[in-house]
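Inside the fold
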Amino acid sequence: METLSFIGSDKNAGKTTVLNFIYDRIARLQDKGGPVCVTSIGINGEHADAYDGKPKPAIRIREGGLFVTGCAHLKQHTGEYDIIGVFRGRDKPFIIGKCRRSVEMVIEGPNTGDEMRRLKTMLADLAGDCRLLIDGSIDRRFIARPEISDGFYFALLITRRKTHIQKAARLLAPLRFPSASKAEIELIGKYVDGSDKSVLIDREGEAIRRSRAVPALDSDLETACLKHRSDARLLYLNGALTQKLSRFLSPFRNLTVVLDNFTLHRPAASVDAPMTGFTPAVKLLTPVSVRAVFIKVEDRADLRTAAVPENIPVYNLFRECPDEIGI
Amino acid sequence: MKLEFDRSAAPESVTAELGFDEFLELFDTDMPLLPVKTVRFCEPESGRRRYADLEKLEQRLDRAGPPVERLVSKSRGLPKIDEILPFLTNRTLEQYHLHLLGRFVREDQRLREFEGPGAPLDCSGESCDTILNLLSQHMTENFSGLKSDPETDALRREIETLDRKTADALTAFEQDIYSRTGLKMTYPYPREIMPDDPALSIAEACDLLTCAYRNEIVRIGYNPPDAIRNLIARKQKLESRISGIMETRLQRVNMELSACAEGFINYYKKRKTRVYRYVLLDVKKRNGFCFPKFTDAAVCEFRGAELPVLKKNAKHYIPLDIRLEQGANVIFGANMTGKTTVLKTLYFHLTAVGMGLPLPAAAVALRYPKHVRIHLKTSGDIQTGLSGLGTELAFFENAFEPFSYVLADELFQSTNPVGGAALAGLVVEEYGRTDALFCCTCHYPQVLDIKSAALFRMREGEGGGRRFLENRPYRVERIRGDCEDDKIDALVSPLRIALQYALPDSLKQRIEHYRERMGHGKDTSE
């Protein structure tokens, strides 16, 4: 089941608009790729933002389209859908449905990686070779796991405000990170199990230290790095590379930091404290496949601030002619 | 199904040590209808009835019913629908509730057919049949949605026609805009252009478009003609009508279902109880457990009683055989002979009886335990400010309820031997006059003289060396209080145990000499 996830750099970055656009494009090719199912991490598609009350674009499910949402959001759609399954989440059930006609719907899906994996298995049983679109969130790291997402669409909000520039840059930075080499992947695979948050490996390929503690809060990790600064070669992290941790690791020029996935790159908490002088090499264990970056530009912001890698197509849905966008 | 233990029923430190959680894991079963079940300590009447019902069901299944493991397997198809029952009563079921309700009654019908006449529920399934019939009338196959009717079908066709007309009109409208302005107005709206874009003046001049300035950018939106607005409004009206019809239909279904709500809710509760019983019977059968037999007399007899956590960890496990009588029962024996383990095994089983669970034993007969209390050795409690003796005395403040089982370890060893022996003797005598069933372990030889107490001693393991330490719990045997040999043997058994250890030779010699003086040397005891 091909799964495409949508991530926005900020609120009002146009993520739902991008999802609707891609959904429409894929749905038109339905006869080639099977049905399309839309779900979300948490709740999305409300008519107004729960935080600032601003109107938001709705998620429109097409006739015959599949969706996964919470029961509470189906109250107003009686008779407009058929239930093909009920997914029991950790806290509540989710309905897997099929629309009888095109409907604007609030979408709510599971909030944990385990639930999303189980949902995908159930969907594969119920709907066969469907495509799944996930209205995602960068804060949910499981979305980057290869068994969850096959590809991503990013929605970036570009303005002249520093916070927006910073958030967009933070989202894009890991796209430039090279993938870990085969030897590094094998080495990490040798020591890491699902619950390890950090592993420090020496020149001989031996694990110096494994830990399940959150790396940013793991003071023993810093102690181990200092103690083995001459022979530590690789640091695998499955927790956020925060500003504090980045600062600490900055002088370790012989170290290669391998992040489990791109969502872990969180080097700067604010624009006023940019990360500079970081000398270790940073690589990704799980390569990220970004199919396209969609930008929403407010005022006369400079598009170059987005600094999207050259090999990734960039579109502005609101300014370019949609027919010419080659998705 | 995950079985959970009512934590208020027993001290957490004891239940953790005795491996209650591990024992409850034996009952883990994939059972959507009962994801979690909390077991609680029952009063005598309902507790006895609980076991009687289980035995009755077991007998019926053995006689004429399907195998219990198949019943457990078939019960897995039943969804849990507790959350929709209030909606059923309040006539506010939604479409997805009807789906779940439909799945339940259909699966229940299959299960009832499988159960056959051998194990019918003591509640009619009529309400389920009525619901199944009603839902079959109103819902599509698999209860996936509300059935359409000619009116809604006609409205849907009309909407489809309007959709096509609207799409055609919008395409023509967009083409019109394109031909007049060169702007492609397709999703998403509004389009954005910069104020210095030459297209802006053309857009502003076009009555088909709207232009709005915001943040130095011009947003160009639609200004569709009335014909298109009317089409969209007409469609919205039709959609509202369909929604209205569906709501009315839903209300009707709710009204019809409400007639059997009470009967169904009662049936659903009984079905859950029945499925829980299937799981208990299945676990009993798979593990060779037993149900207790209840007596009116205050006795408690265990044969082959196991403490699962101990059995798992011991190399040569010896299950417990013991019969306790009303009043005081005193287990006499040296340290490390397993007295405390016997008490803990008793506590485990008595608590499991109160919880209504099958027991890891060959046979159990007892008076139903209304209360079960245990006191284990303690050096005091800083939280309550009580010393070891204070804690023990506080325990006995609440341990004289009628029909209770009271277990106490190393009676009054928490104080000096003289006072301790006196208190122990008095407490044992006091229990001899009650209808409680008191069982304690004790070192004080004075208690052997109490005529009203049933006395037991621990038989040590066989094989010599330290091997006896692996055999737990050790065998318990009844002794006569008036037999001086038993008394002396019980008193010198610590000396015998001490000789199993690698103590200095000189010390071992002194111990041997002492035993010989007491008439329990090598030639007489080994």
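What you see is a predicted model; the values in this text were computed from it and never measured.

Counting its regular elements, chain B contains 18 helices and 15 strands. Its C-alpha atoms give chain B a radius of gyration of 38 Å, more than 25% over the compact-globule value 24 Å for 526 residues. Overall, chain B is about 125 × 65 × 40 Å in size when its C-alpha atoms are taken along their principal axes. The buried share among the 526 residues of chain B stands at 33%. Contacts spanning at least 24 positions in sequence make up 74% of the contacts within chain B whose residues lie at least 6 apart.

A word on the confidence of the model for chain A. All names here are of chain A. Mean pLDDT over chain A stands at 86; residues scoring 70 or higher make up 92%. Looking over chain A, one finds the lowest element-wise mean pLDDT in helix 2 (residues 30-33), namely 56, and the highest in strand 5 (residues 66-70), namely 95. Under a pLDDT of 50 for its full length, residues 269-274 has, in the predicted model, 7 contacts with residues more than four places off or in other chains.

Before going further, it helps to examine the domain arrangement of chain A. You can read the domains of chain A as domain 1 (3-175 + 288-324) and domain 2 (180-284). Relative placement of domain 1 of chain A and domain 2 of chain A: their C-alpha centres are 31 Å apart.

Right, let's get into the environment of Tyr51 of chain B. Here Tyr51 of chain B is to be found in helix 3 (residues 44-64). If we skip the residues at most four places from it in the chain, Tyr51 of chain B touches Phe291, Pro292 and Gly356 of chain B.

The next point concerns the sheet that holds strand 11 (residues 151-158) of chain A. All names here are of chain A. The 9 strands are arranged 6-7-5-2-10-1-11-17-18 in an open sheet whose pairing can be described as mixed. The open sheet has two edge strands, strand 6 (81-88) and strand 18 (314-315), and neither has a second partner. Pairing of strand 2 (residues 36-40) with strand 5, which is carried by 2 bridges, proceeds in the parallel orientation. Opposite Cys37, over in strand 5, you have Leu66 as the bridge partner.

Turning to the interface of chain A and chain B, a few remarks are in order. Listed as interface residues are 23 residues of chain A and, on the opposing side, 24 residues of chain B. Sorting the residues of the side of chain A that touches chain B by element identifies helix 1 (15-28) and strand 6 of chain A as the ones contributing at least two each. Here the element with the most residues in the side of chain A that touches chain B is strand 6 of chain A; it accounts for 5 residues. Its residues assigned to classes, the side of chain A that touches chain B shows 12 nonpolar, 3 polar and 8 charged.

Residues and elements named next belong to chain B. According to the domain assignment, chain B contains domain 1 (2-143 + 251-287), domain 2 (150-242), domain 3 (293-482) and domain 4 (484-526). In this structure, domain 1 and domain 3 have C-alpha centres spaced 38 Å apart. Taken together, the contact pairs 19 residues of domain 1 with 18 residues of domain 3. Mapped by element, the contributors of at least two residues to the side of domain 1 that touches domain 3 are helix 2 (20-25), helix 3 and helix 11 (261-287). Here the side of domain 1 that touches domain 3 takes 5 residues from helix 3, the largest share from any one element. Grouping the constituent residues of the side of domain 1 that touches domain 3 by class yields 12 nonpolar, 3 polar and 4 charged.

This part covers the pairing of strand 12 (residues 198-202) of chain A. All names here are of chain A. Here strand 12 lies mainly inside the structure; 4 of its 5 residues are buried. Sheet topology note: the strand 12/strand 13 (residues 207-211) ladder contains 4 bridges and is antiparallel. Opposite Leu200, over in strand 13, you have Arg209 as the bridge partner.

This part is about the nonpolar core. One broad rule of soluble globular proteins: the nonpolar side chains tend to lie buried together. Judged by nonpolar contacts, the single largest core of 184 residues is most densely connected at Phe154 and Leu156 of chain A together with Val330 of chain B. The residues touching Phe154 of chain A, leaving out its near neighbours within four places in the chain, are Ile7, Leu171, Val290, Val293 and Phe294 of chain A.

Time to look at the packing of helix 4 (residues 68-75) of chain B against helix 11 of chain B. Axes are the key here: two packed helices are described by the angle between their axes and the distance separating the axes. All names here are of chain B. Two numbers describe how helix 4 lies on helix 11: the axes approach to 9 Å, and their chain directions differ by 140 degrees. With respect to their mutual orientation, helix 4 and helix 11 come out oblique. Viewed along their axes, helix 4 and helix 11 form a crossing whose handedness is left-handed. Judged by residue contacts, Val68, Glu69, Leu71, Val72 and Ser75 of helix 4 engage Val275, Tyr278, Val279, Leu281, Asp282 and Lys285 from helix 11.

Rules of the game
- Residues numbered from 1 in each chain as written.
- Chains lettered and ligands numbered in written order.
- Predicted model: local features only at pLDDT ≥ 70, side-chain atom pairs only at ≥ 80, totals over all residues.
- Helix = DSSP H or I, 4+ residues; strand = E, 2+ residues; numbered from the N terminus.
- Rg over C-alpha atoms; globule rule 2.2 N^0.38 Å.
- Buried ≥ 20, exposed ≤ 12 C-beta atoms within 10 Å, placed from the backbone.
- Contact = placed C-beta atoms within 7 Å.
- pLDDT = per-residue confidence, 0-100.
- Domains from an automatic or database assignment.
- Pairing = 2+ DSSP bridges.
- Nonpolar A, V, L, I, M, F, W, Y, C, P; charged D, E, K, R; others polar.
- Core = buried A, V, L, I, M, F, W, Y, C linked by C-beta atoms within 7 Å.
- Axes fitted to C-alpha atoms, helices over the stretch in contact; angles between N-to-C directions.
- Parallel < 35°, antiparallel > 145°, perpendicular 65-115°, else oblique.
- Left-handed = near helix turned anticlockwise from the far one by under 90°.

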